[in-house]
Amino acid sequence: MGANPAENHPISFRWLTKAKEKGGKIVSVDPRYTRTSAVSDIYAPLRSGTDIAFMGGMIKYALDNNLIHKDYVVNYTNASFIVADGYDFNDGLFSGYDEAKRSYDKTKWALAVGPDGQPVKDPTLEHPRSVFQLMKKHYSRYDVDTVSSVTGTPKEDLLKVYEAFCATGKVGKSGTILYAMGTTQHTVGSQNVRAFAIIQMLLGNIGLPGGGINAMRGESNVQGSTDFGLLWDNLTGYLAIPKQSVPEHATLEGYLKKETPPSGYWSNRPKFVVSLLKSWYGQNATAENEFGYQFLPKPGAKNYSHIFLFKAMFNKELEGAFLWGTNPVVGGPNAGREKEALGNLKWLVAVDLWETETAAFWKKEAGSDPSKINTEVFFLPACSSYEKEGSVSNSGRWMQYRWRAIEPKGDSRPDLDMVHDLALRLKKMYAGDTSAAAAPFLALDWNYGDGHEPDIDLVCKEINGYDLTTGKLLPGFGALKDDGTTSSGNWIYSGFYPEEGKNRSKNRDNKDTGGGNFLNWSFAWPMNRRILYNRASADANGVPYSKEKAVIHWDAIQNKWVGTDVPDFNATIAPSAPGGTGAIMMNKDGVGLLYAPTMNEGPFPEHYEPFESPVPNAFSSVELNPAVVIHEGDFNKKGFKADYPIIATTYRVSEHWQSGTMTRNQEWLSELSAFMYVEISEELAKEKGIKNKDKIKVSTARGEITAYAMVTKRYKPFKVRGKVVHQVGMPWHFGFKGYATGDTANRLTPHIGDANTQIPEYKAFLCDIRRAD
Amino acid sequence: MVELNLNRRQFLKLSGATAATLAVVELGFNEKKAYAKSKEFKIASSKVTPTVCCFCGVGCGILVHTKDNTVVYTEGDPDNPINEGKLCSKGTTIRQVYTSEKRITKPLYRAPGSDKWEEKDWEWMMDTIAKRTKETRDKSFVVTDNGITVNRTEKIASLGGAALDNEETYLVSKLMRGLGVVYLEHQARI
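Per chain, residue numbering runs from 1 following the sequence as it is written. Working convention: letters from A go to chains and numbers from 1 go to ligands, in the order in which they are written. A pLDDT threshold of at least 70 governs which residues receive local features in this predicted model, and a stricter bar of 80 or more applies before side-chain atom pairs are shown or counted, although totals over entire chains, interfaces and linings include all residues.

Visitor: Is there a simple way to think about the packing of helix 4 (residues 51–64) of chain A against helix 8 (residues 155–166) of chain A in this case?
Guide: In a packed pair of helices, the relevant descriptors are the angle between the two axes and the axis-to-axis distance. Residues and elements named next belong to chain A. For helices, the fitted axis covers only the stretch in contact; all axes are lines through C-alpha atoms, and the angles between them, taken along N-to-C directions, range from 0 to 180 degrees. Here a strand is any run of E in DSSP of at least two residues, a helix any run of H or I of at least four, and the numbering for each starts at the N terminus. In the contact formed by helix 4 and helix 8, the axes pass within 10 Å of each other and the chain directions differ by 55 degrees. Accordingly, the angle class assigned to the pair helix 4 and helix 8 is oblique. When the axes of helix 4 and helix 8 are compared, the crossing they make is right-handed. Counting all contacts with helix 4, which are made through Gly57, Met58, Tyr61 and Ala62, the residues of helix 8 involved are Leu158, Tyr162, Phe165 and Cys166. Taken together, the residues of the contact of helix 4 with helix 8 sort by class into 7 nonpolar, 1 polar and no charged. For classification, angles of less than 35 degrees are called roughly parallel, those exceeding 145 degrees roughly antiparallel, those between 65 and 115 degrees roughly perpendicular, and all remaining angles oblique. By definition, turning the near helix anticlockwise from the far helix through less than a right angle yields a left-handed crossing, and turning it clockwise yields a right-handed one. Once C-beta atoms have been placed from the backbone, residue pairs whose C-beta atoms lie within 7 Å are recorded as contacts. The residue classification treats Ala, Val, Leu, Ile, Met, Phe, Trp, Tyr, Cys and Pro as nonpolar and Asp, Glu, Lys and Arg as charged. All others, Gly included, are polar.

See the structure below:
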């Protein structure tokens, strides 16, 4: 659901077909009948942007028919927790909404706390203010008829999917949900994923083989680059960036107090933060100067993510930018505006293997007038992944090392060398500078050798971390301390390089160590654990729920957890000991959050229509997610159904990758998939007088593109709330550079993001189509 | 250098067979003849290095065959338990990431208002970029705001990194934050 692995992650799909050979069932839920759908046992179409309605119906079905794994729900979720009086829900709004600010006072959603400071619970799940009962009430509105009229999914298809998937709630069975950007790139993207998490917790599908919710990562190291803190609000290892807007963050002590929960694994946060500061600021990080905490930048009271970044650039607030292998002129939302924004920069550094549309944004072929663009552009040729060495982390967190097969082509260089080179030059320029601005940069520890090429082994070891009193590498994050005697550049990776000469990402022993976990192939963070929360595969007493799906169990003789995987739990905490049943150990109370009072738009996922939708919301009078930020004006024009009655979405094909830079510059792949096209149903084609392979125009409030029409049976009109609604889809890989060129789909997409993550809503917007001639 | 698990004999058998199949498709060779001659194929004495595919996040293993300073062949890594030697269309053609004539191999500079690229050397490029970075940073750097130490610049952005190695993303993250950059974003959202 929200993924098409047969085409976008083909080799992963090989394992699904193997599961099918063994009797497993594949369910495909997608607006379009994809190649994944073609191999599936059950296919259900849904209108783009209605995932919560679809899943809300499934939650109701599981509860109504008592298909949940009750013992698991009682022990490993917050179903039994009592919600305090502040929480309420009425006509699409939770309590505490401030319309002017478009935000909620989340304190209204607090859980009830007893005199001992612990959550109040009712293990019978019958208390009317228990999470379980409130959830039941919330989703009682998601009956199959209403859901079907919203999603456009035929009722019998809905029931088929619900029945098949909820059957995995039985002990001994498991079901997984594979998702990708089809799920996340919506104004309710985070809550779409939450809805998956809720059903998986209800069915007891987290922490066991064949379970989980699996994000299919689109880039070879988007997992790693997120782990390593390349998003504005996270330092490495998901440590929150200190912010100016949070008063407690003014000091390290205040920051740690504010960000560290009293229980759960994050209670160790001070050890991770101080060790990171020691890795970054070395000798300049001392107990006296808060371990260099004040050197870190503190963002102001605004958002700095992609849409906001380009808005700032569009408004001439930025002066310079570095692009590390990224191509927003094709890949960014409302890409026409993003291209214009680049012209407001004074300087731009583009690092890539190819001349991207973004590096060439100032050219005539980009539709620009070069004489009017004063941006200085520096293009640095990077070498490819096998012309250098280093590791990448896949969707399953497996950190695999890649060796250098050949020297970099021509004068190209690894990105690692460029960053290092730049750092050394800047260090030299700032040397001796006694200004307050120079101080934090001069304090930054940068010791990877003096040459143009850094010693990558030193980088690897710094990430793992050292015992600074002995100079030895650390065995893992369990050894980290908050007193400045340990370092680790990224605590979640600590343990991948436990001793000299043993970089475990280089491990290549492919013997199956049991359960298909291959523990001696590569390294999986954290601590080589392959199935997260695997403590939940066993019951409260530490006995596996079933033999078939056993992962770890409590061995009373050895007094520890043992099994086919590394326990994702403290291996020596007995089930009967305090915290011994807290399987979801990263959360404060050790349980999964069916009710999540941390989310910006409410503790339960609720259906809202996309930013641009052809129908009113059937579940409430609130049309759009009430907590999203709306960008007004020329930066993001909104289209309405009167002008743009057709739903559009974007997707990828097997032969191209992301913005197409890496594949449209190759001959064979360009030949295999050479043209930009728009896929439309036979019914819509007939209505519009369009034939297969006609050139058509697709327009939205943001722009217009020309493409070939691909008339297919893969799209069928949806029947939504009694009306016929059409949807079209198109690949977003094309641009004006490379061998295979075509118009850029993202010139059509809007600049609006999810209320929690600001991920753009690429997957559901309104358009119109017509013949080009 | 990494040790491959395959012994040399198994390996030759495997890659020879794959190469023969490819040759039949590409050049119309007689399959039997081609197979018999497989030891003379250009990959028979090539150096083999394991890598991981640079495209999606599945993490398939690939073997890169190099000889005479070029990439002569690539194939799925049969040892890698993720893909067991299988590859998709993109993984299969990964050789062209190296061999494509579209690769840019020299640093290029575009002056303000200019309509063309100029080739420049690395020294000039890196030095000029460092100067621009310092100028912009120094001009815009905020040490304190409302009495709180903030040490940031809001005039420089860093984007991308999802195709870089972990070690590279670590250094980009460290350098950019070390400089006070707060507009920091990669492709997780796009």
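Visitor: Looking at this structure, I do not really get the interface of chain B and chain A. What am I missing?
Guide: By a widespread convention, an interface's size corresponds to the accessible area lost as its parts come together. Contact residues are listed per partner, giving 102 residues for chain B and 128 residues for chain A. For the side of chain B that touches chain A, the element with the most residues is helix 6 (residues 166–179) of chain B, which contributes 13 residues. Looking at side-chain class alone, the side of chain B that touches chain A contains 50 nonpolar, 29 polar and 23 charged residues. By the convention used here, strands pair only if DSSP detects at least 2 bridges between them. Where strand 9 (residues 320–324) of chain A and strand 7 (residues 148–160) of chain B come together, 5 bridges link them in parallel fashion. Opposite Gly320 of chain A, over in strand 7 of chain B, you have Ile156 of chain B as the bridge partner.

Visitor: Any chance you could explain the sheet that holds strand 12 (residues 390–393) of chain A here in plain terms?
Guide: Each strand in a sheet pairs with its neighbour through backbone hydrogen bonds, running either in the same direction (parallel) or in the opposite one (antiparallel). Taking strand neighbours across the sheet as the criterion, the 3 strands line up as 12-13-16 (chain A) in an open arrangement whose pairing is antiparallel. The open sheet has two edge strands, strand 12 and strand 16 (523–524) of chain A, and neither has a second partner. Note that strand 13 (residues 398–402) of chain A and strand 16 of chain A share 2 bridges and pair antiparallel. Among the inter-strand pairings, Trp398 of chain A is bridged to a residue of strand 16 of chain A, identified as Ala524 of chain A. Taken strand by strand, helix 6 of chain B contacts strand 12 and strand 13 of chain A, and its axis lies near 90 degrees from that of strand 12 of chain A.

Visitor: Honestly, the pairing of strand 17 (residues 552–555) of chain A in this entry has me stumped. Any pointers?
Guide: The two faces of a sheet get side chains in turn, since along a regular strand they alternate between them. Residue and element names in this part refer to chain A. We call a residue exposed when 12 or fewer other C-beta atoms sit within 10 Å of its C-beta, buried when the count reaches 20 or more, and partly exposed for counts in between; the C-beta positions come from the backbone. Judged by which residues are buried, strand 17 turns out to be one-sided: Ile552 and Trp554 face inward and are buried, whereas His553 and Asp555, on the alternate face, are not. The pairing of strand 17 with strand 18 (residues 560–563) spans 4 bridges and is antiparallel. Across the sheet, the residue bridging to Ile552 is Gly563, located in strand 18.

Visitor: Can you help me understand the domain arrangement of chain A in this one?
Guide: All names here are of chain A. As assigned here, chain A comprises domain 1 (5–215), domain 2 (306–430) and domain 3 (633–771). Spacing between the C-alpha centres of domain 2 and domain 3 amounts to 26 Å. Tallying the contact residues gives 22 residues for domain 2 and 22 residues for domain 3. For the side of domain 2 that touches domain 3, the leading source of residues is helix 14 (residues 306–314), giving 4 residues. Split into classes, the residues belonging to the side of domain 2 that touches domain 3 amount to 9 nonpolar, 7 polar and 6 charged. Domain start and stop points were drawn from an automatic or database domain assignment.

Visitor: What exactly am I supposed to notice about unusual backbone geometry here?
Guide: Across residues other than glycine, the phi torsion is negative in most instances, and most of the peptide bonds are trans. At the junction of Trp525 of chain A and Pro526 of chain A, the peptide bond is cis and its omega measures out at -5 degrees in the coordinates. Within the secondary structure, Pro526 of chain A sits in the loop between strand 16 and strand 17. Positive phi, normally seen in glycine, also occurs at Asp91 of chain A, with a value near 40 degrees. By the secondary structure assignment, Asp91 of chain A is in the loop between strand 3 (89–90) and strand 4 (93–94). With 8 C-beta atoms counted inside 10 Å, the residue Asp91 of chain A sits in the exposed group. Its identity as a non-glycine residue notwithstanding, Asn151 of chain B has a phi of 40 degrees, on the positive side. With respect to the helices, strands and loops of the structure, Asn151 of chain B is situated in strand 7. What makes Asn151 of chain B buried here is the crowd of 24 C-beta atoms within 10 Å.

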